Amino acid sequence: MEMVTLIVIIAIAAVAIIGGGIVGLVTSTRRRKDRSLPPQAGTDVITRPEEPTVEEPSAGEAEPETAEPAAPVIEKPESTASRLVRLRQRLAGSNALGRGLLNLLSTDQLDEDTWESIEDLLLTADIGVAPTQELVEGLRTRLRVEGGKADPKAALRDELIKLVDPGMDRRLQVSGADGAPGVVLMVGVNGTGKTTTTGKLARILVSEDRKVVLGAADTFRAAAAEQLTTWGERVGVEVVRGPEGTDPASVAFDSVKEGLDTGVDTVIVDTAGRLQNKAGLMDELGKVKRVIEKQTPVTEVLLVLDATTGQNGLIQARVFSEAVAVSGIVLTKLDGSAKGGIVVAVQRELGVPVKLVGLGEGPDDLAPFTPEAFVDALLG
Ligand code: GDP
C-alpha cells in the first residue's frame, strides 16, 4: 500500500516537473512577447514592437532545444553573389534587345537600312534619341576603322557599356557616421514596386549581416504597412508603423529614433507615393527628410521607377528629383521587359546612377546594378 502511494506520488511529481517545464517555457516565451508588444498589439493598430522579432531566438539561448518549434521562422535571404547569377540569367532570357542588335550587326552588308533598323531597335528599348545616335555613331566608326577584323559583338558590348557609364558610383550609402544608422529613403509613385523593393532591400542587407529597421511611412495605404510588416517578419526585421492616416513624417521620425535607440546599421523608410502636384510632393518629402535629419542625416534617397513605363517613368523621375535630392535609382520590372534602355535614359535625365534592379516578384529578385553584367546579360 505504502509502495503504491509512493509510486503515485513520484508519478504526480514527475508530471508536475515536466509539465511545469513546458508551461515554464511557454510562459517565458509569452512573457518576452508580452514585453515586446505594446498593449493591444497583434490586433489592428500595431505601432511598433519594442523588441525586434529577430532577437527572440538569441534571447532563448539558455532554453533547451525543445523551445525551437515555438520560435518564429526567420528566412535566410539569398546571398548577393547567388542572386546575381540567377538574375543575370533571367535578364538574358527575357530581353530581345541584345539578340535583335546582334542579328542586325551580323548581316554581311551593314547598309543604311540596317543602321536604321538598329536605331529603331534602340529607340524601341527606350534608350533615348541622343544616346541612340551616339551608340550608332560609335559603332559605325569603330567597324569602319577595324574593317574586316571587326568583331561586331565586342564593339557593341563596348559601346553599350560606355552608354551605361561604368564611371558612376553605384555603392549604396547604407551606413551612417559616428555609430548612427544609415538612413535610406524610398520614394516613387504607387505601383512602381516601392514597398516590394523596400522589403527586398532589407533582405539584401540582412543577408549581409546588417541590422535593419523598416519605417512604414506610407500611411495613406493601410495595405502598404501590412505588406511591409510581412516583409519584415519574414527576415526578423522590426517594422515601425502608425495607424492609417498618421503623419508620414512622424512615422519616419519614430523609425529613425528606433534605429538609433537599438543601434541598427540601417533604417529604410518607405514613403507615400501618391501622384499629387509637385508642390504637395515637395512639402511631404521635404518634411519627412527634415524631420529625420533632426536626428541623423539621410544617407541615400532611392527613387523607384517601373522600367515598363517608358516616358512616363522619365516624367516621374523629373518630378521626384525636383522634390527631393535623389541619390540612386531602382529600376523595377526589368524582367520580361524589352525596355532595358531606360537605364541609359533615366541616368542621363537625372545624372544619378541606377543602383539596383528588380527582376521579378520573388523576395530575392533584386540585385545591385553593374553596367558590364547588365550589358552581358542583354547580349546573352
Ligand atoms: P508600390 O505601390 O510602389 O509600393 O508597389 P508594390 O511594392 O506594392 O508593387 C506593385 C506590384 O509590382 C506588385 O505586384 C509587385 O509584386 C510588383 N513588382 C515589384 N517589383 C517587381 C519586379 O521587379 N518585377 C516584377 N515582375 N514585378 C514587380
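Residues numbered from 1 in each chain as written. Predicted model: local features only at pLDDT ≥ 70, side-chain atom pairs only at ≥ 80, totals over all residues. Heavy atoms only, no water.

Caption draft 1: Expanded view of the packing of aromatic side chains. Under the criterion given, the structure shown has one aromatic pair. Here the aromatic rings of phenylalanine 369 and phenylalanine 374 are separated by 5.0 Å at their centres, their planes lie at 55°, and the arrangement is tilted. Here the two residues phenylalanine 369 and phenylalanine 374 agree in accessibility, since each one is buried. Here the guanidinium or amino end of arginine 234 rests over the ring plane of tryptophan 231, the centre of that ring lying 5.9 Å away. (Phe/Tyr/Trp six-rings, centres within 6.5 Å; stacked < 30°, edge-to-face > 60°. Buried < 20%, exposed > 50% of the residue type's maximum accessible area, 1.4 Å probe, protein only. Lys NZ or Arg CZ within 6 Å of the ring centre and 35° of its normal.)

Caption draft 2: Local environment of the site of the ligand. Close contacts around the ligand come from 18 residues, with Gly191, Lys194, Thr195, Thr196 and Glu361 the closest. Within the side chain of arginine 221, an N or O atom sits 3.3 Å from an oxygen atom of the ligand. Backbone polar atom of lysine 333 to an oxygen atom of the ligand: 3.0 Å apart, as the coordinates give it. Coverage of the ligand by the protein chains reaches 81% of its 590 Å² of free accessible surface. Considering every element that reaches the shell around the ligand, the biggest residue donor is helix α8 (residues 194–207), with four residues. When grouped by side-chain class, the residues that make up the shell around the ligand number two nonpolar, ten polar and six charged. (Near = heavy atom within 4 Å. Polar contact = N/O pair within 3.5 Å; in protein donor to acceptor, adjacent residues only side chain to side chain. Areas by Shrake-Rupley, 256 points an atom, 1.4 Å probe, with all protein chains shown as cover. Helix = DSSP H or I, 4+ residues; strand = E, 2+ residues; numbered from the N terminus. Nonpolar A, V, L, I, M, F, W, Y, C, P; charged D, E, K, R; others polar.)

Caption draft 3: Inspection of the confidence of the model for the chain at higher detail. The pLDDT averaged across the chain works out to 80; a share of 79% of its residues lies at or above 70. The model gives residues 3–66 a pLDDT under 50, and that stretch makes 45 contacts with residues more than four places away or in other chains. (pLDDT = per-residue confidence, 0-100. Contact = heavy atoms within 4.5 Å.)

Caption draft 4: View of the pattern of salt bridges. In this structure the tally under the stated criterion is 19 salt bridges. Glutamate 134 serves as the salt-bridge partner of arginine 348, at 2.9 Å between the closest nitrogen and oxygen. In this pair, arginine 348 sits in helix α13 (residues 342–350) while glutamate 134 sits in helix α6 (residues 129–146), placing the two residues 214 residues apart along the sequence. The class for glutamate 134 is partly exposed, based on a relative accessible area of 40%. Its salt-bridge partner being glutamate 159, residue lysine 162 comes within 3.4 Å of it at the nearest N-O pair. Linking lysine 162 with glutamate 159, this pair stays in helix α7 (residues 152–164), spanning three residues, or about one helical turn. Using a relative accessible area of 8% as the deciding quantity, one classes glutamate 159 as buried. A single salt-bridge network, built from bridges that share partners, covers Glu75, Arg203, Arg234 and Asp364. (Salt bridge = Lys/Arg side-chain N within 4 Å of Asp/Glu carboxyl O.)

Caption draft 5: View of the packing of helix α12 (residues 310–323) against α13. It is at 10 Å that the axes of α12 and α13 come closest, and there the two elements cross at 25°. By the angle between their directions, the pair α12 and α13 is classed as roughly parallel. Taken as a pair, α12 and α13 cross one another with a handedness that is right-handed. From α12, Gly310, Leu314, Ala317, Arg318 and Ser321 reach across to α13, where they touch Ile342, Ala345, Val346, Glu349 and Leu350. Class assignment of the residues belonging to the contact of α12 with α13 gives a composition of six nonpolar, two polar and two charged. (Axes fitted to C-alpha atoms, helices over the stretch in contact; angles between N-to-C directions. Parallel < 35°, antiparallel > 145°, perpendicular 65-115°, else oblique. Left-handed = near helix turned anticlockwise from the far one by under 90°.)

Caption draft 6: Inspection of the sheet that holds strand β1 (residues 182–187) at higher detail. The sheet built from eight strands is open, its strands ordered β3-β2-β4-β1-β5-β6-β7-β8 with mixed pairing. At either margin of the open sheet sits one strand with a lone partner, and together these are β3 (238–240) and β8 (366–368). Taking the axes of each pair of neighbouring strands and ignoring which way they run, one obtains an average angle of 25° across the sheet. Summarising the sheet, strand β5 (residues 300–306) and strand β6 (residues 328–332) pair through five bridges and their orientation is parallel. Residue pairing in the sheet places leucine 303 in a bridge with isoleucine 329 of β6. Set on the sheet, α8 makes contact with β1, β2 (212–217), β4 (266–271), β5, β6, β7 (354–358) and β8; between it and β4 the angle comes to about 170°. (Pairing = 2+ DSSP bridges.)

Caption draft 7: The arrangement of the pairing of β7 in detail. The element β7 is extensively covered by neighbouring structure, given that five of its five residues are classed as buried. Where β6 meets β7, three bridges bridge the pair, whose relative direction is parallel. By the bridge assignment for β7, leucine 331 is matched with valine 357. When β7 meets β8, the two strands line up antiparallel, connected through three bridges. Note on β8: the bridge partner recorded for glycine 358 is leucine 366.

Caption draft 8: Broad picture of helix α9 (residues 222–234). Relative to the 18 Å expected for 13 residues at 1.5 Å per residue, α9 spans 19 Å between its end C-alpha atoms, a close match to the ideal helical length. Backbone geometry just downstream of α9 places glycine 236 in the positive-phi region, at approximately 70°. (Expected span 1.5 Å × (residues − 1).)

Caption draft 9: Up close: the nonpolar core. If you look at the biggest cluster of nonpolar residues, it comprises 73 residues, and the most contacted ones within it are Leu156, Val269, Ile292, Leu331 and Phe374. In this structure, this core is formed jointly by two domains, domain 1 (81–164) and domain 2 (182–370), each of which donates at least three residues. What phenylalanine 374 contacts, discounting residues up to four positions off in sequence, is Leu91, Val164, Leu334, Gly340, Val343 and Phe369. Formed by 22 residues, the second largest nonpolar core is a distinct cluster that contains Val184, Ala202, Val206 and Val237. (Core = buried A, V, L, I, M, F, W, Y, C linked by side-chain atoms within 4.5 Å. Domains from an automatic or database assignment.)

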